[in-house]
Amino acid sequence: MGRTDRPENAAPPEIFYNEEEARKYTENSRMVNIQTQLTERALELLALPDDGEPKLLLDLGCGSGLSGETLTDRGHIWMGLDISPAMLEVASDREVEGDLCLHDLGHGLPIRPGSIDGAISISAVQWLCNADTSANEPRRRLRRFFESLYACLSKGARAVLQVYPANTDQAAMMTNAAMRAGFSGGLVVDFPHSTRAKKYFLVLMVGGTAALPQAKGLDGGEPDEEGQQEVYVGHRKTKRRKGGHGDKASQRDWIVRKKQQQRTRGYTSVKPDSKYTGRKRKDRF
Amino acid sequence: MRLLCHNMLQCHIKGVVNGYPLKIEAEKVETRETDYEPDFLRHIFPRIQWDALREAAAAMGVDDLPESVSEEMLEDESFLKQFHHALLEVHLEQGALVCPETGRKFVVSDGIPNLLLREDEC
Ligand SMILES: C[S@@+](CC[C@H](N)C(=O)[O-])C[C@H]1O[C@@H](n2cnc3c(N)ncnc32)[C@H](O)[C@@H]1O
């Protein structure tokens, strides 16, 4: 399980994810790819009803919005919570579609009961296992987090949390805290025999008796690099394909033009053009 | 922060019972056009606390939302457009969210509410 150079051991998250780290993280295309693929797998495990409707989702530990953008690409509406002001600032500069909140997951979610269709979290929740200061008692923080998560999900909804546990104790600590809060479900471990591709997903369900989804790569295989099946809802897919603003330069031009159009139409708040404007947000396979 | 987000937020300070809705103090409000998704609006409507949305919208300078609403109105395009605009196009950029029970202020800056608690609040 353990990477020896775990960022979780370096400093508390709001310190570790400083401006420098936030920028590096978001500009690294390898990182973007990994986070996108993890989010796509989390969405698959989230198993939202296949009714073509956009859903309201939470992205817990949303960071600079890499995971959230995959939700947007699939047509969903999301709210993102994160403890790092620097990560959120990058998210906001990149004009992600989700609503952003500065928040510590260990304080419990500030969301009213039964209001959310599903939650994902990509590479964040293991941070709650850290005891950075004596006040940050991990068990208490995990309990508050899972109880409030359970409460804010609507009936039949799921939460899928991709985590990097430091060891088996941490994996058990997170899973147990979730079960004690009332969730059913458990840990799905993809590619358990591969050091490189092994990934942990805590799949949590509110009510219902659905079986835990099947992990990938149980036969000792490695992930295939081909794209998974992608599901889009709302108008997103058709819209993205229309308009012939295919290559990078012309796409930026198109966005800058569209923003200018909005400014002249009197929209007061079109974001200023920046180096992020029209930047490629994710790799398509 | 859009009013959809506001409608779902509640104060999470330990021991607070009536932490909803957070009162909006608006200093700077922005309007940004976004995709109109009637399917999403119909889906989310039953979960919206209408009075909270209406009051929040008024605090943000949008005061054309009807006082009472019903499922039937979701067939009415002009209502859906109003609902869409208030819920998803009006952003609180600067200001504060105030807990109705404790009066605790959560500052909103550059569109991001600061919902971090002090140790004695959690
Ligand atoms: C590896 S990044 C992943 C960000 C994003 N989910 C993505 O896929 O790109 C982990 C994020 O978790 C956030 N985080 C860590 N501990 C947190 C906490 N207690 N509350 C909220 N966010 C936290 C960090 O600030 C960081 O942005």
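Each chain carries its own residue numbering, running from 1 in the direction its sequence is written. Note on labels: chains are lettered from A, ligands numbered from 1, in written order. This being a predicted model, a pLDDT of at least 70 is required before a residue's local features are given, and a value of 80 or more before pairs of side-chain atoms are given or counted; all residues contribute to the totals for chains, interfaces and linings. Computation of side-chain values: all heavy atoms of the structure, hydrogens and water removed.

## Observations concerning the sheet that holds strand β1 (residues 56-60) of chain A
Across a sheet, strands are paired by hydrogen bonds formed along the backbone, either parallel or antiparallel in direction. All names here are of chain A. The rule for pairing is simple: two strands pair if DSSP sees at least two bridges between them. The helix count covers DSSP runs of H or I at least four residues long, the strand count covers runs of E at least two residues long, and both are numbered beginning at the N terminus. Reading across the sheet, the seven strands line up as β3-β2-β1-β4-β5-β7-β6 and stay open at both edges, with mixed pairing between neighbours. Because the sheet does not close on itself, it has two edges, and the strands there are β3 (99-102) and β6 (184-190). For this sheet, the mean angle separating the axes of adjacent strands, direction not counted, is 15°. Any two residues having at least one pair of non-hydrogen atoms within 4.5 Å are treated as being in contact. Here the axes come from fitting lines to C-alpha atoms, over the contacting stretch only for helices, and the angles between their N-to-C directions go from 0 to 180 degrees. Packed onto the sheet, helix α3 (residues 29-46) meets β1, β4 (116-122), β5 (153-163), β6 and β7 (199-205) and runs at close to 145° relative to β4. Against the sheet, helix α5 (residues 85-93) contacts β2 (77-82) and β3, and its axis sits at roughly 165° relative to β3.

## A closer look at the site of the ligand
All names here are of chain A. Neighbouring residues are identified by heavy atoms, a residue being near a molecule or strand if any of them is within 4 Å of it. Close contacts around the ligand come from 22 residues, with Q35, G61, D82, D104 and L105 the closest. Polar contact criterion, stated in full: a pair of N or O atoms within 3.5 Å, where within protein one must be able to donate a hydrogen and the other to accept it, and residues adjacent in sequence count only if both atoms are side-chain atoms. A distance of 3.0 Å separates an oxygen atom of the ligand from a polar atom in the side chain of Y25. Interatomic distance of 2.8 Å between a backbone N/O atom of G61 and a nitrogen atom of the ligand. Residue composition of the shell around the ligand, by class: twelve nonpolar, seven polar and three charged. For this classification, the nonpolar set comprises Ala, Val, Leu, Ile, Met, Phe, Trp, Tyr, Cys and Pro, the charged set comprises Asp, Glu, Lys and Arg, and every other residue, Gly included, is treated as polar.

## Things to note about the pattern of salt bridges
Definition used for salt bridges: Asp or Glu carboxyl oxygen within 4 Å of a side-chain nitrogen of Lys or Arg. All chains considered together, the criterion is met by 24 salt bridges over all chains. Here A:E222 ties to A:R196 by a salt bridge, and the two come within 3.4 Å at their closest N and O atoms. Taken as a pair, A:E222 in the loop between β7 and α8 (236-241) and A:R196 in the loop between β6 and β7 lie far apart in primary sequence, 26 residues in all. Here B:E30 ties to B:K28 by a salt bridge, and the two come within 3.4 Å at their closest N and O atoms. When its relative accessible area of 38% is taken as the criterion, B:K28 is described as partly exposed. One network of salt bridges, with partners in common, ties together A:R41, A:E44, A:D190 and A:K216. Each residue gets one of three labels from its accessible area relative to the maximum for its type: buried under 20%, exposed over 50%, partly exposed in between, using a 1.4 Å probe on protein chains only.

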